[in-house]
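Tertiary structure, described
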Amino acid sequence: MDNQNSMAVLQVEGLNVYYGAVQAVRNVSFTVQAGEIFGLLGPNGAGKTSTLSAVEGLLRPQSGIIKVAGYSIREQSKEARASMGVQLQATSFQPELTISEIIQLYAGIYGVSLTKDRIADILADIKLQDAGSKRYGQLSGGQQQRVSLLIATVHNPRLVLLDEPTTGLDPQSRRQLWERMEAMREKGHGLLLTTHSMEEAEAICDRIAIIDHGQIIAIDSPQVLIDLNRDKPEVISASRKGKITLEDVFIGLTGSAVRT
Amino acid sequence: MSQHIPSSATVYSALLRADLTVQWRNRRASLLVILVPTVILISWKGLIEKFGGAFVLSNCMTVNLIAIGLMGYTNAIARDRDKGIFQRLRVAPTSAWSIMLSRLTVQLLMIVLNTTILFLVGYNLDHIAMTPGGYAFGYLTAILGGAVYLSLGQTIVGLIKNPETVNVATRLVYFIFIMTGMFGELGMLGKEIQAAVKWSPYGTVNRIVSHSLVPATWDHDSTIALLATIGYTLLFTLLGIRWFKWNSR
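As a starting point, this report considers the structure included with it. Every value quoted in this text rests on a predicted model; they were computed, and no experiment measured them.

1. Quick word on the overall build of chain B
Tallying secondary structure elements over chain B gives eleven helices and zero strands in all. Ordered by position in the sequence, the α and β elements of chain B form the string α-α-α-α-α-α-α-α-α-α-α. Compactness check: chain B gives a C-alpha radius of gyration of 19 Å against a globular reference of 18 Å for 249 residues, within 12% of the reference. Considered along the principal axes of its C-alpha atoms, chain B spans approximately 70 × 35 × 35 Å. The burial tally for chain B puts 45% of its 249 residues in the buried class. Within chain B, residue pairs in contact and separated by at least 24 positions form 80% of the contacts whose partners lie at least 6 positions apart.

Here you go:
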């Protein structure tokens, strides 16, 4: 475990989050390694966003340890936040600023010096060379996600947090984003991803954790989770095509009732 | 591997640059903010002989401070909070104070700029001339008075989460302050209202600005008004910080 933690870009141990008397996260523990895409899956209200918010430092948990690249999010908050890049689900930037100005703002906040030529180069890298003078709201959903991911990684962070990054994207844009995530994994970044798409989790995640009612109920690679649960009656009854998929395992473990 | 942490000055300068750009792009809204006090200043030319140039100018400066604090700052904070702009900034290695300090610096610059415009309009169109000391003291009290309305705006945005409701509330407070402040101070709404206005945020700010423009008129009453102004600022700041939530959801 110690050896595993030494490679971990994110270490979460015994995390508990309450909203008043309601416990949203119960004793959650997991790690994200360098060069790994880790998926956090769960139905609505399962505790994914609360867990992610605690990791991001937006929410103060009642107990538990969160370390980003070895830095405690509580005691070494600035170091921890400087070590991670975040793409929030409902990210928005000042509508008055152009894309170049937004990149410049976040580069400045992370202490990264970027010339105008360098900004043009990195925009060309994500095939948005003509977007520099546009406003964020003028971009398509896929283009916004690319810019958002670019800003999240402008400081080359060790950990990247992505909150439902492909929601609302067409298949082409989604595939393109997957390729970018995989490229980041190859470079040694650790990625923590939340998603409702089981196809996505199965396609790109090295390991996943299924969270329900605030607790992690399963954690492993997608294939191992399928293999371990394929004979369970609730998983078999969730199967629609005869072949057991990650979605069948997910519904089998978390139940078929719709959550609000 | 140690993580590079940008200095507070670097972060502040990046934020300030962005906030100044946003302010510049919103220059039409800024023009509307200065328009109302400028129109009052020009239309009240006839009152200068009766009440004095400092009285007319200070009323217009007070209206300007209310507009900057309540309409500009407060609505921008409410909108950015609702859009998640603050949450995005807060997951970066920025401190809450540097985000707010940058916003307040822009408002401070707006106060200085608009005060200068009113001084120029007053001098050129209404022939209101102050001593250099009066102008300097006027800038100082404008900043102090501006702090009252910025902190009042902070309290409103702390109490109300919905940006549309914040917009309505600030317009209402703006209207009430101007109407009761200006007409109440002149005694047109009765003696009780006149007395209440005298010690309201409108009255204390108006008085310190008015007396600072003619430093020779600064007296014990002005000092008490100054202390009351500082008191209002501290109270509203305390409430504004205590009630403020970075997330509107």
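After that view, the rundown keeps rolling.
2. Points about the pairing of strand E8 (residues 190–194) of chain A
All names here are of chain A. Counting buried residues in E8 gives five out of five residues, a clear majority hidden from the surface. Strand direction decides the pairing type here: strand E3 (residues 37–41) and E8, joined by four bridges, are parallel. Looking across to E8, one finds that Phe-38 is bridged to Leu-192. When strand E7 (residues 159–163) meets E8, the two strands line up parallel, connected through five bridges. Opposite Leu-161, over in E8, you have Leu-192 as the bridge partner.

3. Regarding the nonpolar core
Within the largest apolar cluster, 82 residues are counted, with the highest numbers of intra-cluster contacts made by A:Leu10, A:Val68, A:Tyr106, A:Leu159, A:Leu161, A:Leu191 and A:Leu192. A per-element tally of this core places helix H4 (residues 99–109) of chain A first, with seven residues. With near-sequence residues (within four places) excluded, A:Leu192 lies in contact with A:Leu10, A:Val32, A:Phe38, A:Leu40, A:Leu159 and A:Leu161. Membership of the second largest hydrophobic core comes to 49 residues, among which are B:Ile77, B:Met110, B:Ile111 and B:Phe177.

4. Concerning the interface of chain A and chain B
Residue-level contacts link 26 residues of chain A with 23 residues of chain B. Counting residues per element, the ones that place at least two in the side of chain A that touches chain B are helix H3 (77–82) and H4 of chain A. Top element by residues in the side of chain A that touches chain B is H4(A). It accounts for five residues. In the side of chain A that touches chain B, the residues fall into 13 nonpolar, seven polar and six charged.

5. Some words on the environment of B:Asp19
Residues and elements named next belong to chain B. Mapped onto the elements of the fold, Asp-19 is located in helix H1 (residues 8–25). Between the alpha carbons of Asp-19 and Asn-247 there is a distance of 19 Å; along the sequence they are 228 residues apart. Not counting residues within four places of it along the chain, the set of residues in contact with Asp-19 comprises Ser-102, Arg-103 and Val-106.

6. Description of unusual backbone geometry
One non-glycine residue, A:Asn27, lies in the positive phi region at around 50°. Looking at the secondary structure, you find A:Asn27 in strand E2 (residues 22–33). A:Asn27 sits in the partly exposed class, given 14 other C-beta atoms within 10 Å. Phi angles above zero are rare outside glycine, and B:His127 is one such case at about 60°. The residue B:His127 is located in the loop between helix H6 (96–125) and helix H7 (132–159) in this model.

7. As for the sheet that holds E3(A)
Residue and element names in this part refer to chain A. Taken in spatial order, the six strands make up an open sheet running E6-E7-E8-E3-E9-E10, and their pairing is mixed. Each edge of the sheet is formed by a strand with only one pairing partner; in this case those strands are strand E6 (84–87) and strand E10 (215–220). The sheet shows a mean angle of 15° between the axes of neighbouring strands, taken without regard to direction. As paired strands, E3 and strand E9 (residues 207–212) are joined by four bridges and run parallel to one another. The partner of Leu-41 across the bridge, within E9, is Ile-210. The sheet strands contacting helix H11 (residues 246–254) are E3, E9 and E10, and the helix crosses E9 at an angle near 30°.

8. Section: the environment of A:Leu253
All names here are of chain A. With respect to the helices, strands and loops of the structure, Leu-253 is situated in helix H11. Leu-253 sits 165 residues away from Leu-88 along the chain, and the two C-alpha atoms are 27 Å apart. Every residue in contact with Leu-253, bar those within four places of it in the chain, is listed here: Ile-210, Ile-217, Ala-218 and Asn-229.

9. So, the packing of helix H4 (residues 53–82) of chain B against helix H8 (residues 163–185) of chain B
When two helices pack together, you describe them by how their axes are tilted relative to each other and by the distance separating the axes. Residue and element names in this part refer to chain B. Their axes nearest at 9 Å, the elements H4 and H8 cross at an angle of 170°. If you check the angle between H4 and H8, you find them roughly antiparallel. Here Asn-59, Val-63, Ile-66, Ala-67, Leu-70, Met-71, Thr-74, Asn-75, Ala-78, Arg-79 and Asp-82 of H4 lie close against H8, whose contacting residues are Pro-163, Val-166, Asn-167, Thr-170, Val-173, Tyr-174, Phe-177, Ile-178 and Met-182. Looking at the contact of H4 with H8 residue by residue, the classes come out as 13 nonpolar, five polar and two charged.

10. Focus: the environment of B:Ile77
Examined against the element boundaries, B:Ile77 turns out to sit in helix H4. Sequence separation between B:Ile77 and B:Arg103 is 26 residues; the distance between their C-alpha atoms is 8.8 Å.

11. Comments concerning helix H2 (residues 27–43) of chain B
Residues and elements named next belong to chain B. Compared with the 24 Å implied by 1.5 Å per residue over 17 residues, the 24 Å span of H2 between its first and last C-alpha is a close match. Along H2, the helix axis deviates most sharply at Leu-35, where the bend reaches about 30°; the proline Pro-37 sits within four residues downstream. Where H2 is concerned, the buried positions are Val-33, Ile-34, Pro-37, Thr-38 and Leu-41. Those residues of H2 hidden inside the fold are in contact with H4 and H6.

12. Structural notes on the sheet that holds strand E5 (residues 71–72) of chain A
Residues and elements named next belong to chain A. Reading across the sheet, the four strands line up as E2-E1-E4-E5 and stay open at both edges, with antiparallel pairing between neighbours. At either end of the open sheet lies a strand with only one pairing partner, and these are E2 and E5. Pairing of strand E1 (residues 8–19) with strand E4 (residues 63–68) involves five bridges; the strand directions are antiparallel. Opposite Asn-16, over in E4, you have Ser-63 as the bridge partner. Along the sheet face, helix H2 (residues 48–56) touches E1, E2 and E4 and points at about 120° away from the line of E1.

Rules of the game
- Residues numbered from 1 in each chain as written.
- Chains lettered and ligands numbered in written order.
- Predicted model: local features only at pLDDT ≥ 70, side-chain atom pairs only at ≥ 80, totals over all residues.
- Helix = DSSP H or I, 4+ residues; strand = E, 2+ residues; numbered from the N terminus.
- Rg over C-alpha atoms; globule rule 2.2 N^0.38 Å.
- Buried ≥ 20, exposed ≤ 12 C-beta atoms within 10 Å, placed from the backbone.
- Contact = placed C-beta atoms within 7 Å.
- Pairing = 2+ DSSP bridges.
- Core = buried A, V, L, I, M, F, W, Y, C linked by C-beta atoms within 7 Å.
- Nonpolar A, V, L, I, M, F, W, Y, C, P; charged D, E, K, R; others polar.
- Axes fitted to C-alpha atoms, helices over the stretch in contact; angles between N-to-C directions.
- Parallel < 35°, antiparallel > 145°, perpendicular 65-115°, else oblique.
- Expected span 1.5 Å × (residues − 1).
- Bend = angle between axes of the 7 residues up to and from the residue.

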